[in-house]
Amino acid sequence: MLIELRDICKTFGPVRANAGISIEVAPASILGILGENGAGKSTLMKILSGFQEPDSGSIVLDGEAATIRSPADALARGIGMLHQDPLDFPPLKLVDDLILGSRGRLRPDRRRTAREFRELAARFDFDLDPEAYVDALTVGERQQLEILRLLWLGARALILDEPTTGISLPQKEKLFATIRRLASEGMTVLFVSHKLEDVESLCDRAVVLRQGLLAGSADPPFDTKRLVEMMFGKEVPQAPHLRIPGGGEVLSARGLCLDSLRLQIKGLDLSVKAGEVVGLAGMEGSGQAIFLASCAGLERAVAGSVRIEEREMTSRSHHDYKREGVAYLPAARLEEGLVPGLSLEEHFILAQGTRGLFIDRKAAEIEAESRIAAYNIKGRPDSMVESLSGGNQQRALLALLRDDLSLILVEHPTRGLDIESTIYIWSKLKERCAKGTAIVFISSDLDEILQYSDRVLVFFAGKVSPPIGAESLGVEELGRLIGGKGWESFEEAPRA
Amino acid sequence: MRESPGLKPLFRAAAVILALVLTTLVLLATKSPPLAAYASIVRGAVGTWSVASDVVVAWVPLLLVTSGLLVTFTVGLWNIGIEGQITFGAVFATWALRSFQAPVLGGSLDPGLAIALAVLAGMAGGMLWAMLVGALKTFGGVNEIFGGLGLNYVATAVNLWLIFGPWKRPGVASMSGTVPFDRSLWLPTVTERSRFAPIAVALAVVGIAVVFVLIQGTYFGLRLKAVGKNPRAAYLLGIPTWQYTMVSFALCGLFAGLAGAVQVTAVYHRLIPSISSGYGYMGLMVSMLVNYSAAIAAPVALFFAALNVGSIQLPITLKLDSSLAGVLQGTLVLFVLLAEGARARLMKKGGSRP
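Position numbers for residues count from 1 along each chain, tracking the sequence in the order it is written. In the order they appear in the text, chains get letters beginning with A and ligands get numbers beginning with 1. Selection of residues for local features in this predicted model requires a pLDDT of at least 70, selection of side-chain atom pairs for listing and counting requires 80 or more, and totals for whole chains, interfaces and linings are taken over all residues.

Turning next to the overall build of chain A. The helix and strand tally for chain A stands at 18 helices and 21 strands. Atoms counted for the radius of gyration: C-alpha only. Globule rule: 2.2 Å times residue count to the power 0.38. Taking 23 Å as the expected radius of gyration for a compact globule of 496 residues, we find that chain A reaches 24 Å, a close match to that expectation. In this scheme the burial state of a residue depends on its C-beta neighbours within 10 Å: 20 or more other such atoms mean buried, 12 or fewer mean exposed, and anything in between means partly exposed; the C-beta positions come from the backbone. Per-residue burial over chain A gives 43% buried out of 496 residues. Remark: residues whose backbone-derived C-beta atoms lie within 7 Å of one another are considered to be in contact. Contacts spanning at least 24 positions in sequence make up 68% of the contacts within chain A whose residues lie at least 6 apart. Numbered from the N terminus, helices here are DSSP runs of H or I no shorter than four residues, and strands are runs of E no shorter than two.

Shown next, in the form of structure tokens:
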């Protein structure tokens, strides 16, 4: 399918998300769409896939002008979108997930659908059982299911939105192989990403968006430096990796056993010293999240103990941990970390705890203004948190933290943030380290793990590696471990 | 994103007009003269000093109940059990007053103190019944709507059992309630025959003012809001969420119990079967109508009270049922909520930014 987007404009209030973007995608090709957060990629893709209507501009498919009003419209015209979080139904069987999205017959033919499912899965070498349940799948498998579903519905063009987030290296290779094969069979692919290396290794052409405009396009072989310049306007310096010598022991987990619905962790030991940064790597759902939560008193351990600064904390509540100087920053900023409907100022007041009965609004405003300035948040004291961008929400979460923390536990500190925000967030976290705060963080971005950690723990289906020094670890080795390969060497070695 | 300021009052006005139109249609459908009906309501509410004071008498429990409900709404809870909490306030207050009248204590207690203690007992009763709903929710995982509804029926049953059982009038039990208290135990009113008790009015006014300040100006209120809007984030921010839930139930029950006690000591001077008089449900409507903000709760509650009192004469003047007031109140709430939804949709038209 030949897709032409002509002069697409879309504004949200004062923000011009797309300010006249024209792109042409040839049939049987893979187009990479690059851009930092807020560059307008998501909006453009939502317009093409029917989630939003443009203010002006037109979409031309195979030379024919098309009006797309809904995702169902888009699918009927052969455009399918694979979302970053797959849109599936975890409690259902795979085959029912397919049937749900199809145009309704009164009585769905499950047997035929299951047969077609198996044929499609076999064609692409996907190991999916139509009678299994969606919630038993990994993120990578859910992507495969979604691709399969879109193909089954007759998609001739696929939009993939940040598909390599949260999946393992082998899964990524498989995904790329699938995409290449689909393109060779005539599929038009739009690959949205902010990961340069993914675009460089996969795409036939790349366009870069910046501030709602088309900043330029590039053909292979790609010039990384030029792409970065198009994305950010200038080359961004990477923060130097500072190593802070370890102080006293801040966190000590001994023989920790955790049990969640899908996996068990047995006998996890970890000791973290003041000022140290420990990265937890692994596919999502490999056990790192429940481990992190258990270090904050948010998840009960079945056995074993947790000590914070020599103090026995096992089976104490999260608020006890808080009093001991432990902070926990969840990945879902707006769902778990912040309170939509309350302003920044009100968040700062809440984070301070109570000081008497009445709130001194004047003082609170001054305090809020100084924090907003200190953390470079783009917002005012009376800005509602939900109106902030992801990067500014994360800055706000950091700004809410007390100054004298002993341990910060962070889930995905920079997920969905652009490079500048990422560097800023980490510079703030490193400032804390310099003052003796230890940090344990989860990330699915391997570069982030290697760049900022002193030591790394790899999780794979509940198995946990001993802590590995980050300097002795390469991206490739880490990627293999995350994918469950190369674990033999740990089996005999004593735990650190 | 800021919304255009002119739009909100416009939608509000449209909602009021639509509610009036629908009510008029109901009247026309029953072949009643709409204008005469409305005129009758107005006359019934402000026609004489006597009816106007009745409006204030109805306003007091309604405003008290609304004050309490604003607290539970702030923490995101639907305290449907408010009716039972009013009833239990009335039961406890009656129990206290009956005890003070009993031969053992009879006459030995200063009447003023007795009334004060009875009001406190009523507040405790409402609080107890509300905390039961809270405990069921917090420790039993029972949604407060179901728990509250169930306990409403229990409260009604207890009330009826007391009136027709242990507290029945000498000789024959009757729907007219228990034996009236001694006159010395009535909350003082402006005149002998009036039910207008200045102290009750003062309690209601102070109550809504306290709730307003509590929610707008205190750490407690802000934390309640946080728990109401996002309990998970509130917990991670260090707020003990279930404790706040319980305290908000307790506060709401306290106000409901106070309303029940006022009904017993100032209005009926005895316990009657329908002692809550539906003020709880009406308070829910008022809270929704004022969009859960204490600032305009008092005038809206007064308006609802006026509608209620004003429609009492309808059966006499126009052979209409007095539930017409309920029709108007209900449609008003529905249309205001509908208009709010329509406005929100209009503002978001074209989709929101991800």
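Moving on to helix H5 (residues 111-140) of chain B. It helps to recall that an α-helix has 3.6 residues per turn; residues three or four apart then point in one direction. Multiplying 1.5 Å by the helix residue count minus one yields the expected span of that helix. The end-to-end C-alpha separation of H5(B) is 42 Å, in line with the 44 Å expected for 30 residues at 1.5 Å each. In the stretch just after H5(B), B:Gly141 is the one whose phi turns positive, near 65°.

For the rest of this paragraph, the subject is the sheet that holds strand S8 (residues 188-193) of chain A. All names here are of chain A. Taken in spatial order, the 6 strands make up an open sheet running S6-S7-S8-S3-S9-S10, and their pairing is mixed. Only two strands of the sheet have a single partner each, and these edge strands are strand S6 (79-82) and strand S10 (213-218). If you compare each strand with its neighbour and ignore which way they point, the axes differ by 20° on average. Note on geometry: axes are C-alpha line fits, over the in-contact stretch for helices, and angles between N-to-C directions span 0 to 180 degrees. In this fold helix H5 (residues 139-152) packs onto S6 and strand S7 (157-161), with an angle of close to 175° to the strand it touches most, S6. Should DSSP find at least two bridges between two strands, the strands are taken to pair.

This brings us to helix H4 (residues 82-101) of chain B. Taking 1.5 Å per residue, 20 residues should reach 28 Å; H4(B) reaches 29 Å between its end C-alpha atoms and fits that length. Counting buried residues in H4(B) gives 17 out of 20 residues, a clear majority hidden from the surface.

In this section: the sheet that holds strand S11 (residues 249-259) of chain A. All names here are of chain A. Taken in spatial order, the 4 strands line up as S12-S11-S14-S15 in an open sheet, and their pairing is antiparallel. Looking at strand neighbours, the two that pair on one side only are strand S12 (264-273) and strand S15 (311-312), the edges of this open sheet. For strand S14 (residues 303-308) and S15, the ladder comprises 2 bridges, and the chain directions are antiparallel. Considered in S15, the bridge of arginine 307 is made with glutamate 312.

Another aspect to go through is the nonpolar core. A:Leu158, A:Val189, A:Phe191, A:Leu409 and A:Val440 are the most contacted members of the largest nonpolar core, which has 148 residues in total. Each domain's limits were defined by an automated method or a database of domain assignments. Counting contributing residues per domain, this core is built from domain 1 (3-232) and domain 2 (249-325 + 402-492) of chain A, each supplying no fewer than three. Filtering out sequence-adjacent residues up to four positions away, A:Val440 remains in contact with A:Val272, A:Val278, A:Leu280, A:Leu292, A:Cys295 and A:Leu409. One finds B:Val56, B:Ala204, B:Leu307 and B:Leu324 within the second-largest nonpolar core, a separate group that totals 101 residues. For this analysis, nonpolar core means a set of buried Ala, Val, Leu, Ile, Met, Phe, Trp, Tyr and Cys residues linked through C-beta atoms within 7 Å.

Our focus in this paragraph is the domain arrangement of chain A. All names here are of chain A. Taken domain by domain, chain A consists of domain 1 (3-232) and domain 2 (249-325 + 402-492). Taking only C-alpha atoms into account, the centre of domain 1 sits 32 Å from that of domain 2. Any residue that is not Ala, Val, Leu, Ile, Met, Phe, Trp, Tyr, Cys, Pro, Asp, Glu, Lys or Arg is counted as polar, Gly included; the first ten are nonpolar and the last four charged. Across the side of domain 1 that touches domain 2, the residue classes tally to 5 nonpolar, 5 polar and 1 charged.

In this section: the pairing of strand S18 (residues 438-442) of chain A. All names here are of chain A. Of all 5 residues in S18, 5 are buried; the element is thus mostly enclosed. The alternating pattern of S18 places Ala438, Val440 and Ile442 and Ile439 and Phe441 on opposite faces, both of which are buried. Where strand S13 (residues 277-282) lies against S18, 4 bridges are found, and the strand directions are parallel. Within the sheet, the bridge partner assigned to leucine 280 lies in S18 and is isoleucine 442. Relative to S18, strand S17 (residues 407-411) runs parallel, the two being bridged by 5 bridges.

Attention now goes to the confidence of the model for chain B. Residues and elements named next belong to chain B. Across chain B, the average pLDDT comes to 90, with 95% of residues at or above 70. The predictor's confidence in any single residue is recorded as pLDDT, a number from 0 to 100. With pLDDT under 50 throughout, residues 350-354 is counted as low confidence; its partners more than four residues away or in other chains account for 6 contacts. For this predicted complex, the interface score ipTM comes out at 0.86, alongside a pTM of 0.76.

Residues and elements named next belong to chain A. Counting buried positions along S13 gives 6 out of 6 residues, so the element sits mostly inside the fold. Burial along S13 is two-sided: the residues Val277, Gly279 and Ala281 and Val278, Leu280 and Gly282 are all buried. Taken together, the 5 bridges between S13 and strand S19 (residues 455-460) define a ladder with parallel strand orientation. Within S19, the residue paired with valine 278 across the bridge is arginine 455.

This part takes up the interface of chain A and chain B. Contacts between the two partners involve 29 residues from chain A and, on the opposite side, 23 residues from chain B. Broken down by secondary-structure element, the contributors of at least two residues to the side of chain A that touches chain B are strand S2 (15-25), helix H10 (318-323), helix H11 (333-337) and helix H12 (344-352) of chain A. For the side of chain A that touches chain B, the leading source of residues is H12(A), giving 4 residues. The residue makeup of the side of chain A that touches chain B, split by class, is 15 nonpolar, 10 polar and 4 charged.

All names here are of chain A. Between helix H3 (residues 94-101) and H5, the least distance of the axes is 10 Å, while the angle of their chain directions is 40°. As judged from the angle between their axes, H3 and H5 are oblique. With respect to the hand of their crossing, H3 and H5 are arranged in right-handed fashion. Of the residues in H5, those in contact with Leu94, Asp97, Leu98 and Gly101 of H3 are Leu145, Arg149 and Trp152. Each residue belonging to the contact of H3 with H5 can be placed in one class, and the counts come to 4 nonpolar, 1 polar and 2 charged. Note that the term roughly parallel is reserved for angles under 35 degrees, roughly antiparallel for angles over 145, roughly perpendicular for angles of 65 to 115, and oblique for everything else. In this scheme the handedness of a crossing depends on how the near helix is turned from the far one: anticlockwise by less than a right angle means left-handed, clockwise means right-handed.

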